Amino acid sequence: MRKSGMKLVSAALAAVMTVSLAACGAQSTDATTAAETAAETTTAAETTAEETTEAETEPKEEEKAASQQADIVVIGAGGAGMTAAIQAMQDGATDVVILEKMPITGGNTTRSTGGLNAAGTSYQEAEQIEDSVELFVEDTMKGGKELNDKELVTVMAENSKDAVDWVNEIGGDLSVVGMFGGASVKRIHRPTDTSAVGPMLVKALNAKTEELGIPVLLETTAEKILVDDSGKVCGVTGTGKDGEAFTIDCTAVILATGGFGANSDMVVEYKADLAGFGTTNHAGATGDGITMAKELGAALVDMEQVQTHPTVNPDTQTMYTEGVRGNGAILVNKEGKRFCNELETRDVVSAAILEQTGGQCYMVFDEAVRESLAAIESYIKAGIVTEADTPEALGEAIGVDGAALAETLKTYAGYKAAGKDEEFGRESMELPLDKPKFYAALCAPAIHHTMGGVKINTATEVLKEDGSVIPGLFAAGEITGGVHGANRLGGNAVTDIVVFGRIAGSAAEDYVEANGGHTEAEIAADTGSESAAPKVQGSYKDGVYEGTGKGNNGDITVEVTVEGGNIVSVVLKEHGETEGIYEAAEKHVTEDIIANQTAEVDTVSGATNTSNGIIEAVAAALEGAE
């Protein structure tokens, strides 16, 4: 018999009492993690029948409240996690909850700049692009050095067309088809305005999650997955926003916690030669889900396969989308010379860059490339792109021989006109790169994607070393291994999270129906509808003040309103911050400023640069109110 009927907002969830076994009590009195079984058996043996009174067997009222329930618990509110939760609800699920340890949703998906690879779409057909599932599989296997699980790759390719349609159906925008490294044809699908795919996708997923009423509990860290005495998943324990332990009874768990690219110790454990590398990953990509699954005996695959992205700004760790190169940009070393086929796979291009002077290079493009890709504007606003009117002047500005750079661009334009790259065999040369202005962006490889992870089958069920299934445990996204092999092609990660996220949602819902059926939802998300209010009295002059600070993508201008000496409102008036990231900083930072009546507040993890920009802007505004 399942518990139901008690509402719980995210703030309250953090305050529940730790009752580890209560979550699985309805399914098995011996439910526990594998590591705890022996200890709990000993404890049970020490309790005699005489010692167990009728009163002791009755759960206390606080214990009843402490053990909440859901049919499906999704761990991770990135692209795969939200996709899985949405699909489960679309399939008929009634009780789904998402746990997210970060203060914002999106995970690494928010940082995705490229697009979604798909074969046989209406958008390809409209441009007479001949593609197929078979060619998609062939390219992916070749890119992954044939280490990929071909069954998983085939499922991804077969479902890629539907993935594009699904994203568009839930309010997304994938309608422009482009070329990316490792693809034989134009296959990557991007937003109409050619902006980064990640923010668009996260915005659509957030909206659909809210529309369906799926609770997303932020700053809520899952720590253990519980199983009953038969080995079936039956609960999740962890720590809430305020540091208090919680337990949720459930029938199924979907792991969507992402990879481990931000966990330098874990990276070095599996690939020692990446010690000291930077990372493009968000701070939450620390491999938590892999650790939880491993505790249950899950098999891991390809853990040593860690991908570096070749074009990352070494100072800010900003990743330049491959679309810049796909739309025509070239790479030159500090001598002003090309040194590779820019559209080779990421591992090949990364290795080539590391062989150049200082292990760095410049990505060079012209005004035509800039006009073709909206994502470039954010790099320019962030101040990480140098521009000049001529190749010679650009070379001087970046410390490269201007004459050599000009000659390189002239030679490349000749290759474009002739339709053949005599030096490096680049087949797709979209533009001649001869339209002023000219631009250069410093690049170096950084840890980008971890191809290894939990082993799954084509139904996204998590497998043990012997190939058996852990009942009720599913996984999707970068936490899994096998899809990408030794190297992930650009555009395949978004396909991965949408395709396998949807499969995981459907599979978990099917599992719930076959194992007890649906229950009424009792966990609700905190709507955050309460207005921020001062906790202390301010001492500012009444009025409305403006200030500007430096954000992640350029200047942030805020308007600060002071009434009765207190800061009562902080509004972002102008900014170029990324959707899906800035909202959390705007909410939490401004609330803290109002509550504490000072700009000296903490930043929001995952939105640090935006937070700092808001703080700087408010501090500047308050100078006029002192």
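Coordinates for the structure precede this section.
Residues numbered from 1 in each chain as written. Predicted model: local features only at pLDDT ≥ 70, side-chain atom pairs only at ≥ 80, totals over all residues. Heavy atoms only, no water.

Draft legend 1. Structural view of the sheet that holds strand β1 (residues 67-69). Strand order in the open sheet made by the four strands is β1-β10-β9-β8, with mixed pairing throughout. The open sheet has two free edges, formed respectively by β1 and β8 (221-227), since each of these has just one partner strand. When strand polarity is set aside, the average angle formed by the axes of neighbouring strands in this sheet is 30°. As paired strands, strand β9 (residues 233-239) and strand β10 (residues 245-249) are joined by five bridges and run antiparallel to one another. Note on β10: the bridge partner recorded for Gly235 is Asp249. (Pairing = 2+ DSSP bridges. Helix = DSSP H or I, 4+ residues; strand = E, 2+ residues; numbered from the N terminus. Axes fitted to C-alpha atoms, helices over the stretch in contact; angles between N-to-C directions.)

Draft legend 2. Looking closely at the sheet that holds strand β22 (residues 543-551). Read from one edge to the other, the open sheet built from three strands follows the order β22-β23-β24, with strand pairing classed as antiparallel. Looking at the sheet topology across the chains shown, the edges are occupied by β22 and β24 (566-574). Adjacent strand axes in the sheet meet at a mean angle of 25° when their direction is disregarded. Bridge count for β22 against strand β23 (residues 554-563) is nine bridges, and the pairing is antiparallel. The partner of Thr548 across the bridge, within β23, is Thr557. Contacting β22, β23 and β24, helix α21 (residues 608-622) runs over the sheet at an angle of about 145° to β22. (Contact = heavy atoms within 4.5 Å.)

Draft legend 3. Quick peek at the nonpolar core. Among the nonpolar cores identified, the biggest contains 91 residues, and Ile72, Val73, Val253 and Leu255 are the most heavily contacted of them. No other element matches the 11 residues that helix α19 (residues 492-514) contributes to this core. If you look at the next biggest cluster of nonpolar residues, it comprises 40 residues, including Ile384, Tyr412, Leu433 and Phe438. (Core = buried A, V, L, I, M, F, W, Y, C linked by side-chain atoms within 4.5 Å. Buried < 20%, exposed > 50% of the residue type's maximum accessible area, 1.4 Å probe, protein only.)

Draft legend 4. Just the packing of aromatic side chains, in detail. Under the criterion given, the structure shown has four aromatic pairs. Ring plane angle 55° and centroid distance 6.0 Å describe the contact between Phe260 and Tyr270, whose orientation is recorded as tilted. Of this pair, Phe260 sits in the loop between β11 (252-255) and α11 (264-270) while Tyr270 sits in helix α11, placing them 10 residues apart in sequence. Residue class for Phe260 comes out buried when judged on its relative accessible area of 0%. With a centroid separation of 5.3 Å and 15° between ring planes, the pair formed by Phe365 and Tyr439 is classed as stacked. With Phe365 in strand β15 (residues 361-366) and Tyr439 in strand β17 (residues 438-450), this pair connects stretches of sequence that are 74 residues apart. Accessibility classification places Phe365 together with Tyr439 in one group, the buried group. (Phe/Tyr/Trp six-rings, centres within 6.5 Å; stacked < 30°, edge-to-face > 60°.)

Draft legend 5. Main features of the packing of helix α5 (residues 79-90) against helix α10 (residues 197-211). The interhelical angle for the contact between α5 and α10, taken along N-to-C directions, is 35°, at an axis separation of 10 Å. The crossing of α5 and α10 is left-handed. Every residue of α10 that contacts α5 at Gly79, Met82, Thr83, Ile86 and Gln90 is listed here: Val202, Leu205, Asn206, Lys208 and Thr209. Grouping the amino acids of the contact of α5 with α10 by side-chain chemistry returns four nonpolar, five polar and one charged. (Left-handed = near helix turned anticlockwise from the far one by under 90°. Nonpolar A, V, L, I, M, F, W, Y, C, P; charged D, E, K, R; others polar.)

Draft legend 6. How the structure looks around the pattern of salt bridges. Taken as a whole and judged by the stated rule, the model has 17 salt bridges. In this structure, the salt-bridge partner of Lys101 is Asp288, at a minimum N-O distance of 2.7 Å. Here Lys101 is found in the loop between β3 (96-99) and β4 (116-117), whereas its partner Asp288 is found in helix α12 (residues 288-295), with 187 residues between them in sequence. Classification of Lys101 as partly exposed rests on a relative accessible area of 27%. Taking the relative accessible area as the measure of exposure, Asp288 reaches 25% and is therefore partly exposed. Linked through salt bridges whose partners overlap, the residues forming this network are Arg338, Glu342, Asp421 and Arg426. (Salt bridge = Lys/Arg side-chain N within 4 Å of Asp/Glu carboxyl O.)

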